[in-house]
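# A closer look at the structure
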Amino acid sequence: TVSQELFAASMILSGVSQMADQLSKEDLHNQIQAVEAMLTDAQNDMRVLLLHLRPTELENKTLQEGLQMILKELTDKSNIHVVYKDMVKKVPKRIENNLFRIAQEFISNTLKHAKASQIEVYLYQNSQEIQLNGVGYDLNASTDEMSYGLKNIQERVDEMAGTVQFLSAKGKGTSIDVRVPILRGEDNVE
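Everything quoted here is computed from the prediction, not taken from an experiment. (Residues numbered from 1 in each chain as written. Predicted model: local features only at pLDDT ≥ 70, side-chain atom pairs only at ≥ 80, totals over all residues. Heavy atoms only, no water.)

### Here's the deal with the overall build of the protein
The helix and strand inventory of the protein stands at five helices and five strands. Shown N-terminal to C-terminal, the secondary structure of the protein runs as helices and strands in the order α-α-α-β-α-β-β-α-β-β. In the protein, buried positions account for 41% of the 190 residues. Accessible area for the protein stands at about 11,300 Å²; split by element, carbon and sulfur atoms hold 51% of it. (Helix = DSSP H or I, 4+ residues; strand = E, 2+ residues; numbered from the N terminus. Buried < 20%, exposed > 50% of the residue type's maximum accessible area, 1.4 Å probe, protein only. Areas by Shrake-Rupley, 256 points an atom, 1.4 Å probe, with all protein chains shown as cover.)

Below, the structure written as structure tokens:
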């Protein structure tokens, strides 16, 4: 995708450069805007690729530390404002790994499919469940790739006998609400 976007931008610029004297000011402006949009898309796609090329693992980290790490990387590589809050204790490792992958998928979808200026991630825990909430991309802008990501999220939640709910309002982004039960005694959780 990135290669195609860069090739198309290059072709348009090549044509504009050869025909600059013959183009009206409005046509020239439109062509430059089209190239700018293609380059912005390519840049967003590259951000997603970079996050996936260096997969982040939770090894020797808590869920909170892992989320803080990928959200910091997101703020370092984009202009997206990140809001993160957590109120958790000890989370069973099995749940940590799945919730971490769910958060990665949600962030990836937001970068790839939204013109989001902000991502919010909230992590809460009580004695019976752990809850992950995220607000980011527009669910109405669905593509096959995004649907694949949403299926991955659903499968991970199902594996943990949890529930997931996606809420979307046009122009407001999408909210994901994941709730996973915690069993007493699981990884020393009391």
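Alright, that's what it looks like, and here's the rest.
### Some thoughts on helix α3 (residues 63–77)
Side chains three or four residues apart in an α-helix point the same way, a direct result of the helix having 3.6 residues per turn. Between its first and last C-alpha atoms α3 spans 21 Å; for 15 residues at 1.5 Å apiece the expected length is 21 Å, and the two agree. Considered for burial, the residues of α3 that qualify are Leu63, Gln64, Gly66, Leu67, Ile70, Leu71, Glu73 and Leu74. (Expected span 1.5 Å × (residues − 1).)

### Remarks on the pairing of strand β5 (residues 173–181)
Where strand β3 (residues 129–135) lies against β5, seven bridges are found, and the strand directions are antiparallel. The residue bridging Leu132 from the neighbouring strand is Val178, located in β5. (Pairing = 2+ DSSP bridges.)

### Brief notes about the packing of aromatic side chains
Using the criterion set out here, one finds one aromatic pair in the structure. Ring centres of Tyr122 and Tyr124 lie 6.4 Å apart, and the angle between their planes is 5°; this geometry places the pair in the stacked category. (Phe/Tyr/Trp six-rings, centres within 6.5 Å; stacked < 30°, edge-to-face > 60°.)

### Quick word on the side chain of Asn98
Its place among the elements puts Asn98 in helix α4 (residues 93–113). Residue contacts for Asn98: discarding those within four places in its chain leaves Arg156, Glu159 and Met160. (Contact = heavy atoms within 4.5 Å.)

### Quick look at the nonpolar core
Leu99, Ile102, Leu123, Ile130 and Val178 are the most contacted members of the largest nonpolar core, which totals 33 residues. Elements that contribute at least two residues to this core include exactly α3, β1 (81–87), α4, β2 (118–125), β3, α5 (144–159) and β5. Here this core takes eight residues from α4, the largest share from any one element. With sequence-adjacent residues up to four places away left out, Val178 is seen in contact with Leu99, Ile102, Ile130, Gln131, Leu132, Asn133, Val157, Thr163 and Val164. (Core = buried A, V, L, I, M, F, W, Y, C linked by side-chain atoms within 4.5 Å.)

### Some thoughts on the side chain of Asp177
Mapping Asp177 onto the fold places it in strand β5. At 3.0 Å, the side chain of Asp177 and the side chain of Gln131 are in polar contact. One polar contact links Asp177 to Arg179, side chain to side chain, over a distance of 3.0 Å. Contacts of Asp177, omitting those with residues within four sequence positions, involve Gln131, Leu132, Asn133, Thr163, Val164 and Gln165. (Polar contact = N/O pair within 3.5 Å; in protein donor to acceptor, adjacent residues only side chain to side chain.)

### A closer look at the pattern of salt bridges
Inspection of every chain in the model, using the stated rule, returns four salt bridges. For Arg179, the salt bridge identified is with Glu129, shortest N-O distance 3.3 Å. Separated by 50 residues along the polypeptide, Arg179 in strand β5 and Glu129 in strand β3 bring together distant segments of the chain. Given the relative accessible area of 23%, Glu129 is considered partly exposed. (Salt bridge = Lys/Arg side-chain N within 4 Å of Asp/Glu carboxyl O.)

### Some thoughts on the environment of Val164
Mapped onto the fold, Val164 is located in strand β4 (residues 163–169). Residue Val164 is classed as buried on the basis of its relative accessible area, which comes to 17%. Expressed as a C-alpha distance, the spacing of Val164 and Val180, which sit 16 residues apart in the sequence, is 8.8 Å. Excluding its chain neighbours within four sequence positions, the residues that come into contact with Val164 are Ile153, Gln154, Val157, Ile176, Asp177 and Val178.

### Digging into the confidence of the model for the protein
Across the protein, pLDDT averages 82, with 84% of residues at or above 70. The low-confidence segment residues 140–144, where pLDDT is below 50, has seven contacts with residues more than four positions distant or belonging to other chains. (pLDDT = per-residue confidence, 0-100.)

### Digging into unusual backbone geometry
Leaving glycine aside, a negative phi is the common case for residues, and trans is the common case for peptide bonds. The residue Ala161 is not glycine, and still its phi comes out positive at about 60°. Within the secondary structure, Ala161 is located in the loop between α5 and β4.

### With respect to helix α1 (residues 2–19)
With 18 residues, α1 extends 26 Å between its outermost C-alpha atoms, agreeing within 8% with the 26 Å of an ideal straight helix rising 1.5 Å per residue. Turning to α1, its buried residues are Val2, Glu5, Ala9, Ile12 and Val16. Angular distribution of buried residues about the axis of α1 spans 100°; they occupy a single face of the element. Across α1 from its buried face, at more than 90 degrees, point the exposed residues Ser3, Gln4, Phe7 and Gln18. (Arc of directions from axis to C-beta.)

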